[in-house]
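Architecture at a glance
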Amino acid sequence: MLNLDPWNILFTVINLLIFFLIIKFFLLKPIKKVMDEREQMIKDDFDSAAKTKKEAEELKSEYENDLKTAKDKASQITSEAKKTAELQKNNIIDSANNQAKQIVDKAQKDAGIEYDRTMAKLEREIASLALVAAEKVVKTGSSYDNFLDEEDE
C-alpha cells in the first residue's frame, strides 16, 4: 500500500521548489526576455509601419496637391496662350486689313494721278491738234467744214 512518509513529502516538495527555481531562473527568464524583446520588436515594427504609412499618405496628398496645382497651372498657361494667340491673330488681321486698305488707297490715288496725267496729255494733244487745224484753216482760207472733209479723205 501507499506509505506516506512526512520526510519524503518534505524532500519532494523541496526538490520541486528547487527544480522550479532552477527552471525559472535558467529557462523561464531567458524565454521571457526573448518574448519581451520579440514583443518590443513587433511593436517597433508596427509603429514604424504606421509612421511609414502616415508619411506615404502625406506624400501622396502632397503629390496630389502638386499634380492638381500643375494641372491648374497648365490649364492657365494654355488659356493665356490661347488668348495671346487670339490677340496676335486679330493684330495680324487688322494689320493685313490696314495694309490692304493702304494698298487700295495708294492704287486709287495712283490711278487718279495717272488719269489726271492722261487727261492733261490728251488736252494738250487736243489743243495741239486744234492749233494745227486752226493754222491750216487760216493758211488755206477755207472754212472749218471744208477742213474736216479734207482730213477725212
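See the structure printed just above.
The sections below set out a description of the structure shown in this document. (Residues numbered from 1 in each chain as written. Predicted model: local features only at pLDDT ≥ 70, side-chain atom pairs only at ≥ 80, totals over all residues. Heavy atoms only, no water.)

Another aspect to go through is the packing of aromatic side chains. Aromatic ring pairs are described here by two measures, namely the spacing of the ring centres and the angle between the planes. In this structure the tally under the stated criterion is two aromatic pairs. Summarising the aromatic geometry, the rings of Trp7 and Phe11 are spaced 6.3 Å apart at their centres and angled 35° between planes, so their arrangement reads as tilted. You can see Trp7 and its partner Phe11 sitting in helix 1 (residues 6-140), four residues apart, about one turn around the helix. Between Phe25 and Phe26, the aromatic rings sit 4.9 Å apart at their centres with planes inclined by 80°, giving edge-to-face as the arrangement. In this structure Phe26 comes out as exposed when scored by relative accessible area, which is 57%. (Phe/Tyr/Trp six-rings, centres within 6.5 Å; stacked < 30°, edge-to-face > 60°. Helix = DSSP H or I, 4+ residues; strand = E, 2+ residues; numbered from the N terminus. Buried < 20%, exposed > 50% of the residue type's maximum accessible area, 1.4 Å probe, protein only.)

Pairing between side chains of opposite charge can happen when the charged atoms of each approach one another. Evaluated as defined, the whole model comprises six salt bridges. Across the salt bridge formed by Lys68 and Asp72, the nearest N and O atoms sit 3.4 Å from each other. Residue Lys68 and its partner Asp72 are located together in helix 1, separated by four residues, close to a single helical turn. Asp72 gets classed as partly exposed once you look at its relative accessible area, which sits at 41%. Put simply, Glu86 and Lys89 hold a salt bridge, and the shortest N to O gap is 3.2 Å. Placement of the pair is Glu86 and Lys89 together in helix 1, with a separation of three residues, close to one helical turn. (Salt bridge = Lys/Arg side-chain N within 4 Å of Asp/Glu carboxyl O.)

Note that every value here comes from positions in space, so none of it alone points to a role or purpose.
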